[in-house]
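Residue-level structural notes
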Amino acid sequence: MTPDAPTVGQRVVVRHLAGGVGPSGGPALNDVVGRVLEVDQESVTVQRRDGRTSVVALSDIVTWKTVPDRPLRRRSAAAIDAEELTRITSRGWPPIESVHLGEWELRASRRFTGRANSVAVHGSPGIPFADAVAEVEAFYEERDQPALAQVVIGSVHEQSFASAGWGRMEGYFGGAVVQVADLDLAYAADPEARVSDTVDDEWLSHYGRVNDPVAARAVLEGPAQVGFISIGSPTVAIGRVAVTGEWAGVACVEVEPDARRQGLATRIVDTALAWAVEHGADKAYLQTMRTNEAALALYKPYGFVDHHDYVYLQPSTATSQ
């Protein structure tokens, strides 16, 4: 490695050998631009703006250099396509097991949350739709889990699944609204907030959707850049923020019932967004139920606006039970 090699956290452009012959007859080259997540004796791991990661062998690197830490925003948060945003949100809440079926992502995490235990439907499965549905049903049957499909409401995918006899799931996993916001530099982390990169038992005890702590930790701690926020001793408020590329996902904001209406949730969000900006994000998303008026009111002053809604679908045999 060269003495001036970038360190973890810097934004870089890495030019490396891509294999084969280039247009000029020399070796084919490729550029990777993003934030350095890890550097070791053999490779560098770079996270792109959409959250995808690339691992480049040091022996393949031709040149690399640092680039401005905060480039001008290429487009606003609201301009992103719903299917592309679904891919990004999945990277911020990664399942324990992920299997790709074309562009679809089959996700399983021992039933901890719908997002981590459903097929994320975007793009093409690469095979006829009926065959893809059969693959989905077989995947979840093998894991003794109900088959669920997360689809954007109003999309062609929702219509296709409906034609195949799938219907909306009711209850907590029924679906959500996805909101987005452009970030600025004005957020101030709360001086009393603690941010950790791992989930401790106290934090987890305040997140009321955990039946399997091992599975929950695996999903929650999955992203390379994730922060778990706590306020109070003992803890009375928590939150989670994950940064994947230029995007930050804010989630798990919970306040103990007898500590509500004291501004704790706002302090958690302030800290989450300040942490997100510090770690390179310039856009943010969140996912919450349409009926959660308190959450929608909490996020509105930060500029969050509706982007799209998604719903969980399940086979007709499940909806009729």
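Check the entry above for the structure.
Everything numeric in this text was worked out from a predicted model, so none of it was measured.

Observations regarding the environment of P95
Its place among the elements puts P95 in the loop between helix 1 (82–92) and strand 6 (97–101). Expressed as a C-alpha distance, the spacing of P95 and S118, which sit 23 residues apart in the sequence, is 9.4 Å.

Focus on the packing of aromatic side chains
Taken as a whole and judged by the stated rule, the model has 12 aromatic pairs. Summarising the aromatic geometry, the rings of F129 and F161 are spaced 5.1 Å apart at their centres and angled 80° between planes, so their arrangement reads as edge-to-face. Placement of F129 in helix 2 (residues 129–142) and of F161 in helix 3 (residues 156–163) is noted, with a sequence separation of 32 residues between them. On the basis of relative accessibility, which here comes to 26%, the residue F129 falls in the partly exposed class.

Description of helix 5 (residues 213–220)
Owing to its 3.6 residues per turn, the α-helix aligns residues three or four sequence positions apart on the same side. For helix 5, the full list of buried residues reads A215, A216, V219 and L220. All buried residues of helix 5 lie within an arc of 125° about the axis, which places them on one face of the element. Buried positions along helix 5 lie against helix 4 (201–205), strand 13 (226–231), strand 14 (237–244) and strand 15 (247–255). Its side-chain oxygen at 3.2 Å from the backbone nitrogen of V214, D212 defines the N-terminal cap of helix 5.

Concerning helix 1
Counting buried positions along helix 1 yields eight of 11 residues, so the element is predominantly enclosed. Buried within helix 1 are the following residues: A82, E83, L85, T86, I88, T89, S90 and G92.

Structural notes on the environment of S76
By the secondary structure assignment, S76 is in the loop between strand 5 (61–66) and helix 1. A sequence separation of 106 residues divides S76 from D182, and the C-alpha atoms of the two residues are 6.4 Å apart.

Examining the sheet that holds strand 3 (residues 43–47)
Sheets are built from strands that pair by backbone hydrogen bonding, the pairs being arranged parallel or antiparallel. The strand order across the open sheet formed by five strands is 4-3-2-1-5, and the pairing between neighbours is antiparallel. Among the strands making up the open sheet, the edge pair consists of strand 4 (53–57) and strand 5. Taken over all neighbouring pairs, the strand axes of this sheet differ in orientation by 40° on average, direction set aside. In this sheet, strand 5 lies alongside strand 1 (residues 11–21) in antiparallel orientation, the contact comprising five bridges. If you follow H16 over to strand 5, its bridge partner there is I61.

Regarding the pattern of salt bridges
For the structure shown, the criterion picks out 13 salt bridges. Salt-bridge contacts for R290 lead to D306; the nearest nitrogen and oxygen are separated by 2.8 Å. You can see R290 sitting in the loop between strand 16 (283–288) and helix 7 (293–299) and its partner D306 sitting in strand 17 (residues 305–314), a full 16 residues away along the chain. With a relative accessible area of 41%, D306 lands in the partly exposed category. The network of salt bridges with shared partners includes E97, E142 and R143.

Quick look at the side chain of S109
Within the fold, S109 resides in the loop between strand 7 (104–108) and strand 8 (119–120). A polar contact is formed between the side chain of S109 and the backbone oxygen of A116, at a distance of 3.1 Å. Those residues in contact with S109 that sit more than four places away from it in its chain are P95, I96, A116, N117, Q145, A215 and V219.

Here we look at the pairing of strand 2 (residues 27–39)
In terms of strand pairing, strand 1 meets strand 2 through eight bridges, oriented antiparallel. Each residue of the ladder has a partner; that of V14, found in strand 2, is V32. Where strand 2 lies against strand 3, four bridges are found, and the strand directions are antiparallel. By the bridge assignment, E38 is partnered in strand 3 with T45. In sequence, strand 2 turns back onto strand 3 through a hairpin of three residues.

Describing the nonpolar core
Where a protein is soluble and globular, its nonpolar side chains tend to be buried together. One finds L183, L273 and Y299 to be the most contacted residues of the largest nonpolar core, which totals 31 residues. For this core, the secondary structure elements donating two or more residues are strand 13, strand 14, strand 15, helix 6 (264–278), strand 16 and helix 7. Residue contributions to this core peak at 10 residues, all from helix 6. Filtering out sequence-adjacent residues up to four positions away, Y299 remains in contact with Q179, V250, V253, V269, L286 and F304. By size, the runner-up hydrophobic cluster in this structure holds 18 residues, among which are L101, L106, A108 and L313.

Details of unusual backbone geometry
Omega for the bond connecting S233 with P234 falls within 30 degrees of zero, at 5°, which places this linkage in the cis form. Mapping P234 onto the fold places it in the loop between strand 13 and strand 14. Although it is not a glycine, C252 adopts a positive phi angle of roughly 60°. Note that C252 resides in strand 15. With relative accessibility at 8%, the residue C252 sits in the buried group. Located in the positive-phi region is R261, a residue other than glycine, with phi close to 65°. On the secondary structure map, R261 appears in the loop between strand 15 and helix 6. Judged by relative accessible area, which is 86%, R261 ranks as exposed.

Calculation criteria
- Residues numbered from 1 in each chain as written.
- Predicted model: local features only at pLDDT ≥ 70, side-chain atom pairs only at ≥ 80, totals over all residues.
- Heavy atoms only, no water.
- Helix = DSSP H or I, 4+ residues; strand = E, 2+ residues; numbered from the N terminus.
- Phe/Tyr/Trp six-rings, centres within 6.5 Å; stacked < 30°, edge-to-face > 60°.
- Buried < 20%, exposed > 50% of the residue type's maximum accessible area, 1.4 Å probe, protein only.
- Arc of directions from axis to C-beta.
- Contact = heavy atoms within 4.5 Å.
- Polar contact = N/O pair within 3.5 Å; in protein donor to acceptor, adjacent residues only side chain to side chain.
- Pairing = 2+ DSSP bridges.
- Axes fitted to C-alpha atoms, helices over the stretch in contact; angles between N-to-C directions.
- Salt bridge = Lys/Arg side-chain N within 4 Å of Asp/Glu carboxyl O.
- Core = buried A, V, L, I, M, F, W, Y, C linked by side-chain atoms within 4.5 Å.

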